[in-house]
Amino acid sequence: MASTLNPYLSFDGDARQAMEFYQDVFGGELSLHTYGEFGGPGAENAENADKIMHGMLKTTEGFTLMGADMPPGMKHSPGNTFAVSVSGEDESALRGYWDKLSSGGSVSVPLEKQMWGDVFGMCADRFGVPWMVDISRSEG
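Under an unreviewed UniProt entry, the name given to the protein is PhnB protein, and the organism recorded is Streptomyces griseoloalbus.

### A word on the sheet that holds strand 7 (residues 119-124)
If you trace the 4 strands from one edge of the open sheet to the other, you get 5-8-7-6, paired in mixed fashion. The open sheet has two edge strands with one neighbour each: strand 5 (84-88) and strand 6 (106-113). In this sheet, neighbouring strand axes are inclined to one another by 10° on average, regardless of whether the strands run parallel or antiparallel. In this structure, strand 7 lies alongside strand 8 (residues 130-135), joined through 6 bridges in antiparallel fashion. Following the sheet pairing, cysteine 123 is matched in strand 8 by tryptophan 131.

### Observations concerning the pattern of salt bridges
Applying the stated criterion across every chain, the model contains 1 salt bridge. A salt bridge links arginine 95 to glutamate 91; its shortest N-O distance comes to 2.8 Å. A residue pair is termed a helical-turn pair when its members lie 3 or 4 positions apart in one helix, as arginine 95 and glutamate 91 do in helix 4 (residues 91-102) at 4 residues.

### Quick look at helix 1 (residues 15-26)
It helps to recall that an α-helix has 3.6 residues per turn; residues three or four apart then point in one direction. Between the first and last C-alpha of helix 1 there are 16 Å, a value that for 12 residues agrees with the 16 Å anticipated at 1.5 Å per step. Every buried residue of helix 1 is listed here: Ala15, Ala18, Met19, Phe21, Tyr22, Val25 and Phe26. The buried residues of helix 1 occupy an angular sector of 155° when projected down its axis, which confines them to one face. Phi turns positive one or two residues past the end of helix 1, at glycine 27, with a value near 75°.

### A short note on the pairing of strand 1 (residues 8-11)
Because side chains alternate across strand 1, one face comprises the buried residues Leu9 and Phe11, and the other comprises Tyr8 and Ser10, none of which is buried. Pairing of strand 1 with strand 4 (residues 64-69) involves 4 bridges; the strand directions are parallel. Pairing of tyrosine 8 across the sheet is with methionine 66, part of strand 4.

### Focus: the pairing of strand 7
Residues in a regular strand point their side chains to alternate faces of the sheet. Across the 6 residues of strand 7, 5 count as buried, placing the element largely inside the fold. Judged from the 5 bridges that link them, strand 6 and strand 7 form a sheet pairing that is antiparallel. Counted as the bridge partner of lysine 113 is valine 119 from strand 7. If you look at the hairpin formed by strand 6 and strand 7, you'll find 5 residues sitting between the two strands, and glycine 117 has a positive phi there, around 105°. Here strand 7 hands over to strand 8 after 5 residues, with glycine 128 in that stretch at a positive phi of 85°.

Conventions and cut-offs
- Residues numbered from 1 in each chain as written.
- Predicted model: local features only at pLDDT ≥ 70, side-chain atom pairs only at ≥ 80, totals over all residues.
- Heavy atoms only, no water.
- Pairing = 2+ DSSP bridges.
- Helix = DSSP H or I, 4+ residues; strand = E, 2+ residues; numbered from the N terminus.
- Axes fitted to C-alpha atoms, helices over the stretch in contact; angles between N-to-C directions.
- Salt bridge = Lys/Arg side-chain N within 4 Å of Asp/Glu carboxyl O.
- Expected span 1.5 Å × (residues − 1).
- Buried < 20%, exposed > 50% of the residue type's maximum accessible area, 1.4 Å probe, protein only.
- Arc of directions from axis to C-beta.

This is the structure in structure tokens:
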């Protein structure tokens, strides 16, 4: 199997809701495992037992998105040093992702034609995760 590179998102107690939201956006198979299932750190505390220790969404489009709640005792500190990028030529699918991701979130760059020719937009979803959507112009 070839090596892969994919985003792994950290959440502050709402990983289950976020990963279910991404499954609604992109479809696919979602697996969620709690700290309680694996006896992870703090699992003996009922508040932590149901938090997500590891979640993975695999889609038919070949996307893999992972995420989890921060381990007990670690501080969740959202930053602005990353964005998840979704791109391609399937305008209908990409606009559908955009509509769902931006709904309830905030748009920093509207999804529209840009100077380089692609349709591009940036938003943060309702969980504060930044997304970039790029619809490549078709040559021809």
